[in-house]
Structure formats: C-alpha cells, structure tokens
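# A look at the structure
The residues making up each chain are set out below.
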Amino acid sequence: MEELSLHILDIAENSIKANASFVTIEIIEDIDTDKMEIEITDNGFGMSDKMIEKALSPFFSTRTTRKIGLGLPLFKDTVEACEGSIKLTSEINRGTKVYASLRHSHIDRPPLGEIADTILMLVISYPDRDFLYRHKKGNREFTFDTREIKEILGTEVSINHPEVRSWLLETLKSGEKELN
C-alpha cells in the first residue's frame with residue numbers, strides 16, 4: 001500500500017468485521033522528536049492471545065474465502081522499514097488496539113495520503129457505526145466525532161444525506177489543511 005491512510009482503512013474495516021460499533025483513529029505527528037504514531041482502537045469481539053500472535057503473520061486469516069491475510073503484516077513491514085514498531089493488544093469481548101510508531105522523516109515512510117477521504121469512506125460505508133478521528137501535528141489538533149455530528153443531525157437527517165456528505169468532506173479536508 002502506497003499510503004498510510006490505506007493501511008488505516010484496512011485496519012478500521014477489520015474492526016467493523018469484528019462487530020465494533022465504535023472505532024477511534026488517532027494520528028500524532030511530532031516533528032520535534034521525528035516520530036509518527038498511529039493508533040486504531042475498537043470495541044469489537046477482540047482476539048485471544050494465540051490469535052494476536054498469528055495476526056501479524058501473512059499466512060493467517062480469519063476469512064474463509066482465502067487462507068492469507070496481508071493487511072496487518074504489510075502495515076508491520078512498512079512500519080519496521082521506517083525504524084518503527086507495531087504493537088497489537090486485544091481483549092475478548094472488549095476490543096482491539098493497533099499501535100504503530102515510526103520515524104516521521106524516514107525516506108521510506110509512505111505519505112499519509114488522503115486521510116479525509118478515508119475517514120469519509122468509513123463514515124458513509126458504515127453509517128450505523130461511530131468513528132472518532134483525532135490528528136495532532138505539533139501544537140495543532142483536529143478532532144472529528146460522528147457521535148457529535150449524529151446528535152446534531154438527530155433522527156430526521158441521515159449522515160449519508162448528500163448535503164451532509166459534502167459538508168463532512170469539506171470539514172475533514174479543512175481540518176487537515178489547518179494542521180499543515
């Protein structure tokens with residue numbers, strides 16, 4: 001995957017498949033310490049310790065349609081290629097957390113990519129789920145929480161309404177632009 005946002009999308013979709021109703025995506029870019037942290041947390045089914053050990057292997061998948069799973073192993077390879085590390089923690093019936101830390105300025109670090117589009121894709125693809133997206137860069141921070149948006153919209157307007165979708169994308173892109 002050529003962008004970190006695609007890894008984030010893959011992991012968040014795994015969370016949805018694990019029946020998560022709430023997914024948190026947090027990105028911290030600390031230029032002073034030359035560190036980038038990515039954390040995706042969910043409240044899904046969780047995994048056993050044995051499953052955690054296997055999850056980072058490309059030869060393991062819970063899917064019945066194919067015998068290999070490349071999402072987490074590819075993310076792990078990307079992170080380690082950038083002098084980083086990845087940690088996977090989980091608790092049955094409580095959820096899972098994927099945490100990665102890598103060198104921000106590393107020549108092999110893929111760009112973050114179109115994270116606004118990624119978050120919007122998750123929100124409109126899974127309108128019955130909630131997402132908290134937080135991105136910190138230096139002393140700036142952008143937070144996007146679908147729970148707050150749904151509360152404002154009430155039950156009369158869907159988060160998938162075309163005008164709402166346009167507003168969501170504009171809000172996400174504007175928030176990302178302000179970080180830079």
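A quick note: this is a predicted structure, and the numbers were derived from the prediction, not measured.

Rules of the game
Residue positions are counted from 1 within each chain, in the order its sequence is given. At least 70 in pLDDT is required for a residue's local features to be given in this predicted model, at least 80 for side-chain atom pairs to be given and counted, and no such filter applies to totals for whole chains, interfaces and linings, which use all residues. Hydrogens are left out, water is left out, and the side-chain values use all remaining heavy atoms of the structure. A pair of strands is labelled paired if DSSP reports no fewer than 2 bridges between them. In DSSP terms, a helix is any run of H or I states spanning at least four residues, a strand is any run of E spanning at least two, and both are numbered starting from the N terminus. Every angle, taken between N-to-C directions, lies between 0 and 180 degrees, and every axis is a line fitted to C-alpha atoms, over only the stretch in contact when it is a helix. Contacts: residue pairs with any heavy atoms within 4.5 Å of one another. For every residue, the accessible area (1.4 Å probe, protein chains only) is compared with the maximum for its type, and the residue is labelled buried under 20%, exposed over 50%, or partly exposed between those bounds. The handedness criterion is simple: a crossing whose near helix is rotated anticlockwise from the far helix by less than a right angle is left-handed, and one whose near helix is rotated clockwise is right-handed. For this scheme, ten residues count as nonpolar: Ala, Val, Leu, Ile, Met, Phe, Trp, Tyr, Cys and Pro. Four count as charged, namely Asp, Glu, Lys and Arg, and the remainder, Gly too, count as polar.

This part takes up the sheet that holds strand β5 (residues 130-137). Hydrogen bonds along the backbone pair up the strands of a sheet, which may run parallel or antiparallel. Across the sheet, 6 strands lie side by side as β3-β4-β2-β1-β5-β6; this open sheet has mixed pairing. Across the chains shown, the open sheet's two edge strands, defined by having one partner strand only, are β3 (85-91) and β6 (140-145). Taken over all neighbouring pairs, the strand axes of this sheet differ in orientation by 5° on average, direction set aside. Summarising the sheet, β5 and β6 pair through 6 bridges and their orientation is antiparallel. Across the sheet, K136 pairs through a bridge with E141, a residue of β6. Strands in contact with helix α3 (residues 71-81) are β2 (35-42), β3 and β4 (95-103); relative to β4, the strand with the most contacts, it is inclined by about 25°.

On to α3. Turning to α3, its buried residues are G71, L72, P73, F75, T78 and V79. Of the surrounding elements, those touching the buried residues of α3 are α1 (4-17), β2, α2 (49-55), β3 and β4. E83 sits one or two residues past α3 and shows a positive phi near 55°.

Further remarks concern unusual backbone geometry. Both trends apply: most residues other than glycine have a negative phi, and most peptide bonds are in trans. Backbone geometry places E83, a non-glycine residue, at a positive phi of 55°. By secondary structure assignment, the location of E83 is in the loop between α3 and β3. Even without being glycine, N93 reaches a positive phi, approximately 60°. Along the chain, N93 falls in the loop between β3 and β4.

Attention shifts here to the packing of α1 against α3. As a packed pair, α1 and α3 sit with axes 10 Å apart at the nearest point and diverge in direction by 145°. Classified by chirality, the crossing of α3 by α1 is left-handed. Within the contact between the two elements, α1 uses L4, H7, D10 and I11 and α3 uses G71, L72, L74, F75 and T78. Across the contact of α1 with α3, the residue classes tally to 5 nonpolar, 3 polar and 1 charged.

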